[in-house]
Amino acid sequence: MTTQLVRAAEPVRTPARTPRTPRRTSPWTPWLYLLPALAVLGGLLVYPVYQLGLISFLEYTQAQVSGGEPTSFQGLGNYTALFADPQFRQVLLATVLFAAACVATTLAVGCSLAVLLTRVRALPRLLLMLAALGAWATPAVTGSTVWVFLFDPDFGPVNRLLGLGDFSWTYGRYSAFALVLLEVVWCSFPFVMVTVYAGIRAIPSELLEAAALDGASQWRIWRSVTAPVLRPVLVVVTIQSIIWDFKLFTQIYVMTNGGGIAGQNLVLNVYAYQKAFASSQYGLGSAIGVVMLLILLAVTLVYLRLLRRQGEEL
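Presented here is a report on the structure given in the accompanying data block. (Residues numbered from 1 in each chain as written. Predicted model: local features only at pLDDT ≥ 70, side-chain atom pairs only at ≥ 80, totals over all residues. Heavy atoms only, no water.)

So, about the overall build of the protein chain. When you go through the protein chain residue by residue, the secondary structure sums to 15 helices and 2 strands. Its C-alpha radius of gyration of 29 Å places the protein chain more than 25% over the 20 Å reference for a compact globule of 314 residues. If you line up the protein chain on its principal axes, its C-alpha atoms span 110 × 65 × 35 Å. For the protein chain, the residues scored as buried account for 33% of the 314 residues in total. Surface accessibility of the protein chain: about 20100 Å² in total, with carbon and sulfur atoms responsible for 66%. The averaged location of the 14 negative side-chain charges in the protein chain is 16 Å from the averaged location of its 21 positive side-chain charges. (Helix = DSSP H or I, 4+ residues; strand = E, 2+ residues; numbered from the N terminus. Rg over C-alpha atoms; globule rule 2.2 N^0.38 Å. Buried < 20%, exposed > 50% of the residue type's maximum accessible area, 1.4 Å probe, protein only. Areas by Shrake-Rupley, 256 points an atom, 1.4 Å probe, with all protein chains shown as cover. Lys, Arg positive; Asp, Glu negative; His and termini not counted. Charge placed at Lys NZ, Arg CZ, Asp CG, Glu CD.)

Across soluble globular proteins, nonpolar side chains show a tendency to be buried alongside one another. Within the largest apolar cluster, 38 residues are counted, with the highest numbers of intra-cluster contacts made by Leu82, Phe98, Val180, Ile252, Leu268 and Tyr271. Breaking this core down by element, the ones donating at least two residues are helix 4 (77-84), helix 5 (86-117), helix 9 (173-201), helix 12 (231-246), helix 13 (250-255), helix 14 (268-278) and helix 15 (282-313). It is helix 15 that provides the largest number of residues to this core, a total of 9 residues. Those residues in contact with Ile252, other than ones at most four positions away along the chain, are Phe98, Phe177, Val180, Asn257, Gly258, Gly259, Asn265, Val267 and Val270. (Core = buried A, V, L, I, M, F, W, Y, C linked by side-chain atoms within 4.5 Å. Contact = heavy atoms within 4.5 Å.)

Next up on the list: the packing of helix 5 against helix 9. Contact geometry for helix 5 and helix 9: axes closest at 6 Å, N-to-C directions at 40°. As the angle between them shows, helix 5 and helix 9 are arranged oblique. The two elements helix 5 and helix 9 cross, and the hand of that crossing is right-handed. Along the lines of polarity and charge, the residues of the contact of helix 5 with helix 9 split into 22 nonpolar, 5 polar and 1 charged. (Axes fitted to C-alpha atoms, helices over the stretch in contact; angles between N-to-C directions. Parallel < 35°, antiparallel > 145°, perpendicular 65-115°, else oblique. Left-handed = near helix turned anticlockwise from the far one by under 90°. Nonpolar A, V, L, I, M, F, W, Y, C, P; charged D, E, K, R; others polar.)

Before going further, it helps to spend a moment on the side chain of Glu183. Tracing the backbone shows Glu183 in helix 9. The buried charged residue Glu183 lacks any salt bridge partner; its closest oppositely charged side chain belongs to Lys247, at an N-O distance of 13 Å. At a separation of 3.5 Å, a polar atom in the side chain of Glu183 contacts the side chain of Gln251. Every residue in contact with Glu183, bar those within four places of it in the chain, is listed here: Ala140, Gly143, Ser144, Trp147, Gln251 and Met255. (Salt bridge = Lys/Arg side-chain N within 4 Å of Asp/Glu carboxyl O. Polar contact = N/O pair within 3.5 Å; in protein donor to acceptor, adjacent residues only side chain to side chain.)

This paragraph deals with the environment of Thr238. Residue position: Thr238 is located in helix 12. For Thr238, a relative accessible area of 23% puts it in the partly exposed group. Taking the C-alpha atoms as reference, Thr238 lies 24 Å from Gln90; in sequence the two are 148 residues apart. Apart from the residues within four sequence positions on either side, Thr238 is in contact with Val103 and Leu107.

This is the structure we're talking about:
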């Protein structure tokens, strides 16, 4: 009886379970998840790019579109004519310089306001964020139209406040580019401001406090502490801004009425539009589009490489 009681009091031992071997995943499983997105991108991106490249090698004008003349293969003829055109080289240079000015100004304004957000109280910070996001969310056509009205020589309030009389901002080449630059910066700096502000908030406060205790000024703290820590973030927003500003179209087209007087404010996107649709030289316009695509593809590859390097560092 005692033996039976002892056996009853002993805990019941369950047999040890053998660990399950992890199920091997097929290498095609990630591609199956990506298949719907790849199908959509294939229809919306690959086919138009293919058609763009195909037309750039053809003589494709209004006569070929209407069927009056057969389409002929030109090879690199459109590209040869394009790079031999002095206007194209001038527009390409203007696009690069204008995009560089837009990027530099946007980064300066966005970084300055991001630092300001860390210095003000909660209510002013909230108001500044809401105002910046409102500018960011404004459609490009609407924002461009409003800026044209603000700087109108007859009815605009800016000329009255500055005492400029009937000065026309869109008449001169450089004043028109400056006006477009202000609008581009106005609608682009919120992205830089929010991104850099998030990066600053992620910096350990001990670093900034130690630099302040050592007697460093605010500019020295930014240059020696904040900027090196924010380098990956600054690189990403810089390349993203380059991609946006290089393919600018709406602001130039709306604010300069299609490229300014005698095409003095043309950029590549507007130049391609004029060649393809205003002059019905679809092959030449497609060649300009391919050149822009290759330039932006090179910038995007640099962008992806930097993102990958940043991920490896993290």
